[in-house]
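Working through the structure, step by step
Each chain is listed here by its residues.
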Protein chains: 4
Amino acid sequence: MKEVRIGLIGTGFMGKAHAQAFQNVALLFPDTARPVLEIVADGSLETADAAARAFGCRGATGDWRALVADPAVDVVAITTPNHLHHEMALAAIAAGKHVYCEKPLALTATQAKEMTEAADAAGIKTLVGFNFLKNPATGLAKQLIESGGLGQIVHFRGTFDQDALADPRAPFSWRFERALAGSGALDDLGAHIINLAQHLVGDIAKVCGQTQTIHHERPVAGSGAGYLTRAAEDAEMRRVENEDQVQFLVRFANGAGGTIEASRIPSGRKIWLTYEVNGTKGAIYFTQERMNEVQLYRSDDPSTERGFGARASESPRGL
Amino acid sequence: MKEVRIGLIGTGFMGKAHAQAFQNVALLFPDTARPVLEIVADGSLETADAAARAFGCRGATGDWRALVADPAVDVVAITTPNHLHHEMALAAIAAGKHVYCEKPLALTATQAKEMTEAADAAGIKTLVGFNFLKNPATGLAKQLIESGGLGQIVHFRGTFDQDALADPRAPFSWRFERALAGSGALDDLGAHIINLAQHLVGDIAKVCGQTQTIHHERPVAGSGAGYLTRAAEDAEMRRVENEDQVQFLVRFANGAGGTIEASRIPSGRKIWLTYEVNGTKGAIYFTQERMNEVQLYRSDDPSTERGFGARASESPRGL
Amino acid sequence: MKEVRIGLIGTGFMGKAHAQAFQNVALLFPDTARPVLEIVADGSLETADAAARAFGCRGATGDWRALVADPAVDVVAITTPNHLHHEMALAAIAAGKHVYCEKPLALTATQAKEMTEAADAAGIKTLVGFNFLKNPATGLAKQLIESGGLGQIVHFRGTFDQDALADPRAPFSWRFERALAGSGALDDLGAHIINLAQHLVGDIAKVCGQTQTIHHERPVAGSGAGYLTRAAEDAEMRRVENEDQVQFLVRFANGAGGTIEASRIPSGRKIWLTYEVNGTKGAIYFTQERMNEVQLYRSDDPSTERGFGARASESPRGL
Amino acid sequence: MKEVRIGLIGTGFMGKAHAQAFQNVALLFPDTARPVLEIVADGSLETADAAARAFGCRGATGDWRALVADPAVDVVAITTPNHLHHEMALAAIAAGKHVYCEKPLALTATQAKEMTEAADAAGIKTLVGFNFLKNPATGLAKQLIESGGLGQIVHFRGTFDQDALADPRAPFSWRFERALAGSGALDDLGAHIINLAQHLVGDIAKVCGQTQTIHHERPVAGSGAGYLTRAAEDAEMRRVENEDQVQFLVRFANGAGGTIEASRIPSGRKIWLTYEVNGTKGAIYFTQERMNEVQLYRSDDPSTERGFGARASESPRGL
């Protein structure tokens, strides 16, 4: 089987997710090319080395430029904080590597456009880490919409609420700095639901939105502090520079209207990535918290049997 | 419009429910005969009088035999404690009145048979208070089963759990006495789900069951104490004579298997009257806690769209 | 018990709902003043007479001004199409009657303000038909918010989607005419969710919205055609003058952000009146389709037990 | 990090599941011993070789006895059809290997007891493939029960319904033969829910059950036909020797009552492994179809806030 050799930059939460996915491909999709994790890069050689051992990967480096230059690498996977994506992706493209970059693609639309144009000019393949797009539930939604099964699409309602930062004592991190993260809930969470909106309903023609920052400062904590850490009561405070929640109206090119919202501080929602798509002949509802279900309504069903139904995938067992 | 004149025996919780239903008929079903509450009876004239005023009813009596004998009464509705049903119904039948009797019909099968035979012999009409049977959701279930839409019915799972007596300090009442109530959870709650099982799947050929009494004694409280009252800590205790919960296996005449359960002490279930009916071509699930929904699965649906769906009634609005 | 004598204008769908509610008060709330339906008015004496018989009401008139002038009437209940509310309410106020008027209160804010000021000046009591406000679930939501149990309220998301007019063959009616109905989904459905938003989160400081009309014309059908009627294929078409769906951003006076949406043409939603209120210490979610449940999340719960929970009212049974 | 060397017998559906789990351990549990898949065995060397490549495993053999004898193997994992478990496990135990065996452990209680005693005598470690036991939701259930948070446990209701064989054209396989599979739905599915019942409520003292076979014969199909295959209409038919569905009453040693059911032919249930545990102070409900949720009711909650709540694990994101 053909192998695709991966160089992975960033070995934190998302780096691990990439590593695990790469190593499971052979078992789940035996007939496709097999990704092989060739080398990992992180801020220090020590961190990279430890990750390489955990990931079952041969190479490690503390210098991402070395990884990009490595002739053994076919694809560069970028899972670093947002502000690094632009520079790393451009370097990888310049080196002739295919690029798999996490979202948000860049801090600004200008940067993203530059990256896209460079990739097109170099003829390399790119992928942005919109993982939710690949859920079979969304595949069914897409297929129903494209086949006309829902009629003319007239409305979209999407949310991505996740309470990871709901606790006001969750410590300050790069995610709250505009120079490193760009916007807040919009970039980190909203990117996914905007992606799904475009995937399902098409181009967005107009938007109009508002943002709110609720927790205006966050405690400064030790370098290892993560989302779920609660900082000490006497920790020094630092000002938050981007939004905790965002809501906006959308008008799609096809005339459909709708709303999109994202929040990093809702109470209780764990992965409340939801969409409801309304068409003149049916509707579909999905939430990632019940990721194996699609609620589908078809106006064409017999009148006594119409209803939002949890459509599940086939029974998962084989012989 | 033709009137049907009702004599109502019992003016407590269930008596009120009957009275309210009678008075709403004209608005909801304008084209049917109109029930008119003619007279109410209760243990004392005072109680009956107060109820008559609340129910907007002309007559009242402290003697149920007078109500049964009243020539103005067409139908006798019996909503008294269980042990009185047999005597009252037989008296009403003897007086040539139609009988609408609450469940359980009697304390024993022998009594119930006697009542049925007397009614048949007298040529009067009878109705047992199996109100849940009339939910349109169950109407849809029945229609799907009868039309063959679910294929051969092979399994039934039914429950009626209601936490009205879950609190061990809920006071002793006639419901805990075998002579007055008959059995416990089985008669009070199980009767409804057995009724639905027979309605949907047909006759039950065999049963095998077990019961448990969990709270073996209950505090004696004042006469007005109801289900949701909590008796004083120093109240005198009295022994409970019937079961708190019951489970049994059923084998239907058509070969289908299943289970039926009832509990008056579950934690948190308010009106957990549920059934799941499995056929070779589909299945249906219902819970009274979401009484406007039926979960329906059809094997005949397109394979990508099969799923348990909440089938709701049409939008309730008229012009 | 004190009686309150009602004069009801309009005997259609909503008039019936009022009549039924009035007649059930005595049974459900025995200790309050008792409403008595004294007289009903409709467009013709014949219609009013038929309704009076169905409603168990003594008087009937084809002239609503006679009803307003009737000295036996304490309260005038107005359930007519929207454009009539203003004139009728002002007349009732002028006659010194208390006024219970259906929503939307008027066609314009100017009209509504005039009505409110007239009532204030006359010292009469008024009530707008925001029935959903009285659901105990919303009572719990309100109490949790007011007690501080959800912390600072930072977000509101509300919808009212109802598919009553989803079928493009649902016939033209006064609801599609701007002069008679005012706006479309916003007035008819949105009024309720705006009401709940204000009730739960407080005054709305700013809005920004968009509307879409999806079915630009509707078939003209016979005068008795209602929401659920489907007009003949060859029926004459008439232009729809107001919106099928609306979405808007809200900014509350307290700084909270959010979205409100309404649609009269969604697929499959029967009474999708929903709200989600997010606070810094908890959140609450409600949908009228499961009207006995409130989903509540409390950050103060033990960490292993936090979760959105369906909080139901106590078991409904009495003795 | 210490390595544990695995020899895996069986490379079908369940063998793949084991292989995938072993390879993900290092990423998810970096601080535990690391399983290394040393060698796989299957019915032919060819099959084993192909699996070894897909699993990223060095060794392969067509002779499971060679695998058992391999000194490089620390643990033998058995994922073959049921009738082989007994012989293979005893051989592995005799060779001093630890044994990880799929459920059902054996065809009879006598066999299972023999295996257990041999393992105890040899001082080796064993594990049966009751994977659902490790769902954190069940961990929470267990903890709540053990801590007394639900009070005295009085009732258990468990099901495992899976529609993998609901289609009567699903082909005959070893699962329908008593000599190879033992019982049907009981062994294949019921084993899991019995396991959970014992884990959560303790030993079962008495049972009383019934079984039904609904599809009495199945079409014989090609050797590669699996659960989801549909056999040709003219395929030869073969008699099914074990039950399609089973229901039984249970009485636990602690006095609690309940029911357990399993079906391999329900309509629409994909992995309807559910349990409801009732205690005198609370209750818990779980279904594997919504595997990230536990519905929990606590009588100790404030009375206005009691309710079955979907308790979810903490937000899954790290830094």
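Some remarks on the packing of aromatic side chains
Any two aromatic rings considered together are summarised by their centre-to-centre distance and by the angle between their planes. One pass over the full model with this rule turns up 16 aromatic pairs over all chains. A ring pair is formed by Phe132(B) and Phe160(B), whose centres lie 5.9 Å apart and whose planes are at 90°; its orientation type is edge-to-face. Of the two residues, Phe132(B) sits in the loop between β6 (126-128) and α6 (136-146) while Phe160(B) sits in strand β7 (residues 153-161), which places them 28 residues apart along the sequence. This pair shows no difference in class: Phe132(B) is buried, exactly as Phe160(B) is. Ring centres of Phe172(B) and Phe176(B) lie 5.6 Å apart, and the angle between their planes is 40°; this geometry places the pair in the tilted category. Phe172(B) gets classed as buried once you look at its relative accessible area, which sits at 11%. A cation over an aromatic ring shows up here: Arg269(B) above the ring of Tyr285(D), its NZ or CZ 5.9 Å from the ring centre. The cationic tip of Arg269(D) hangs over the ring face of Trp272(D); the distance from NZ or CZ to the ring centre is 3.8 Å.

Observations regarding the interface of chain C and chain A
Quite often, the size of an interface is put as the accessible area lost when its parts meet. On the chain A side, the residues contacting the 43 residues of chain C number 43 residues. Taking both partners together, chain C and chain A bury about 2900 Å²; carbon and sulfur atoms supply 48% of that area. Put simply, chain C and chain A have six salt bridges between them. In this structure, Arg157(A) and Asp161(C) form a salt bridge, with 3.0 Å as the shortest nitrogen-oxygen distance. Where chain C meets chain A, there are 24 residue pairs in polar contact (both at pLDDT 80 or more). Examining the composition of the side of chain C that touches chain A, we find that six residues originate from one element, strand β11 (residues 245-252) of chain C, more than from any other. Class assignment for the residues of the side of chain C that touches chain A results in 13 nonpolar, 21 polar and nine charged.

Here we look at the side chain of Asp187(A)
Residues and elements named next belong to chain A. In this structure, Asp187 sits in helix α8 (residues 185-201). The buried charged residue Asp187 lacks any salt bridge partner; its closest oppositely charged side chain belongs to Arg178, at an N-O distance of 7.2 Å. Side-chain polar atoms of Asp187 contact the side chain of Ser183, separated by 2.9 Å. Setting aside residues up to four positions removed in sequence, Asp187 forms contacts with Lys103, Pro104, Ala106, Ala181 and Gly182.

Quick notes on the sheet that holds strand β5 (residues 98-101) of chain B
Residue and element names in this part refer to chain B. Here we have six strands laid out as an open sheet, ordered β3-β2-β1-β4-β5-β6, and parallel in their pairing. Two strands close off the open sheet at either side, each with one partner strand: β3 (59-61) and β6. Across this sheet, the average inter-strand angle for adjacent strands is 25°, counted without regard to direction. Across three bridges, the pairing between β5 and β6 is parallel. Counted as the bridge partner of Cys101 is Val128 from β6. On the sheet, helix α1 (residues 13-28) packs against β1 (3-9), β2 (34-41), β4 (75-78) and β5 and is oriented at approximately 150° with respect to β2. The sheet contacts of helix α2 (residues 45-55) involve β1, β2 and β3, and relative to β3 the element is tilted by about 160°.

Calculation notes
- Residues numbered from 1 in each chain as written.
- Chains lettered and ligands numbered in written order.
- Predicted model: local features only at pLDDT ≥ 70, side-chain atom pairs only at ≥ 80, totals over all residues.
- Heavy atoms only, no water.
- Phe/Tyr/Trp six-rings, centres within 6.5 Å; stacked < 30°, edge-to-face > 60°.
- Helix = DSSP H or I, 4+ residues; strand = E, 2+ residues; numbered from the N terminus.
- Buried < 20%, exposed > 50% of the residue type's maximum accessible area, 1.4 Å probe, protein only.
- Lys NZ or Arg CZ within 6 Å of the ring centre and 35° of its normal.
- Contact = heavy atoms within 4.5 Å.
- Buried area = accessible area lost by both parts, 1.4 Å probe.
- Salt bridge = Lys/Arg side-chain N within 4 Å of Asp/Glu carboxyl O.
- Polar contact = N/O pair within 3.5 Å; in protein donor to acceptor, adjacent residues only side chain to side chain.
- Nonpolar A, V, L, I, M, F, W, Y, C, P; charged D, E, K, R; others polar.
- Lys, Arg positive; Asp, Glu negative; His and termini not counted.
- Pairing = 2+ DSSP bridges.
- Axes fitted to C-alpha atoms, helices over the stretch in contact; angles between N-to-C directions.

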